[in-house]
Amino acid sequence: MSAGTRSWTVRLTAAAEADFEEILRSTVDQFGEAQARIYAETISAALNDLAAGPTIVGARERDDILKGIFTLHVARKGRKGRHFVMFRVGRASDREVIEVLRLLHDAMDLQRHLPTAEESS
């Protein structure tokens, strides 16, 4: 990041953490441990990129799903993947926060898998 670039706090909800674990478990079952490690790096890279803020290349505002929701596909910067990072922007104390709500397969109906208010805490 350049000197003038803000750094956002990226926080995963419990639902997003559970999604990440399930994605990796499923990847191990289907493609093996080596591929699961590679895919964990791919997803982690997308999450790390979000520290630059919600306007990074590839992030899309998704008011069609729900006002204030954004998505970022993990397939970026030459990495392959089939999942979206679903997030919203907020504040915690004096910090700007990107709250990752879910990690969902790109074939899923994203709106159907939005967390409830209790799940997103």
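Up top you'll find the structure we're talking about.
What counts as what
- Residues numbered from 1 in each chain as written.
- Predicted model: local features only at pLDDT ≥ 70, side-chain atom pairs only at ≥ 80, totals over all residues.
- Heavy atoms only, no water.
- Helix = DSSP H or I, 4+ residues; strand = E, 2+ residues; numbered from the N terminus.
- Expected span 1.5 Å × (residues − 1).
- Buried < 20%, exposed > 50% of the residue type's maximum accessible area, 1.4 Å probe, protein only.
- Arc of directions from axis to C-beta.
- Contact = heavy atoms within 4.5 Å.
- Core = buried A, V, L, I, M, F, W, Y, C linked by side-chain atoms within 4.5 Å.
- Pairing = 2+ DSSP bridges.
- Axes fitted to C-alpha atoms, helices over the stretch in contact; angles between N-to-C directions.

Student: Explain helix 1 (residues 14-31) to me, and be specific about the residues and the numbers.
Tutor: For helix 1, which comprises 18 residues, the first-to-last C-alpha distance of 25 Å matches the rise-based estimate of 26 Å (1.5 Å per residue) to within 8%. All of the buried residues in helix 1 are Ala 15, Ala 16, Asp 19, Phe 20, Ile 23 and Thr 27. End-on, the buried residues of helix 1 take up no more than an arc of 140 degrees, which puts them together on one face. Facing away from the buried side of helix 1 by over 90 degrees, the exposed positions are Glu 21 and Asp 29. Where helix 1 ends, the next residue or the one after it, Gly 32, has phi of about 100 degrees, a positive value.

Student: Break down the environment of Val 10 for me, citing the residues and quoting the values.
Tutor: Mapped onto the elements, Val 10 comes out in strand 1 (residues 9-12). A residue is classified by how much of its surface remains accessible, and Val 10, at 26% relative accessible area, is partly exposed. For the pair Val 10 and Glu 96, spaced 86 residues apart in sequence, the C-alpha to C-alpha distance is 8.9 Å. Beyond its immediate sequence surroundings of up to four residues, Val 10 is in contact with Leu 47, Leu 50, Ala 51, Ile 98 and Val 100.

Student: Describe in detail the nonpolar core, supporting the description with residues and values.
Tutor: One finds Ile 43, Leu 50, Val 85, Phe 87, Val 100 and Leu 103 to be the most contacted residues of the largest nonpolar core, which totals 19 residues. Going through the elements one at a time, helix 1, helix 2 (33-49), strand 3 (69-73), strand 4 (83-92) and strand 5 (95-105) are the ones with two or more residues in this core. It is helix 2 that contributes the most residues to this core, five residues altogether.

Student: Tell me what's going on with the environment of Thr 55, and back it up with residues and numbers.
Tutor: When you line up the elements, Thr 55 lands in the loop between helix 2 and strand 2 (60-61). Here the alpha-carbon distance between Thr 55 and Phe 70, two residues 15 residues apart in the chain, equals 9.7 Å.

Student: So what about the sheet that holds strand 2? Which residues, and what values?
Tutor: With respect to topology, five strands assemble into an open sheet ordered 1-5-4-3-2, the strand pairing being mixed. The strands lining the two open edges of the sheet, one partner per strand, are strand 1 and strand 2. Here strand 3 runs beside strand 4; their pairing, made up of five bridges, is antiparallel. The residue of strand 4 that forms the bridge with His 73 is Phe 84. Most of the contacts of helix 1 go to strand 5, to which it runs at about 40 degrees, and overall it touches strand 1, strand 4 and strand 5.

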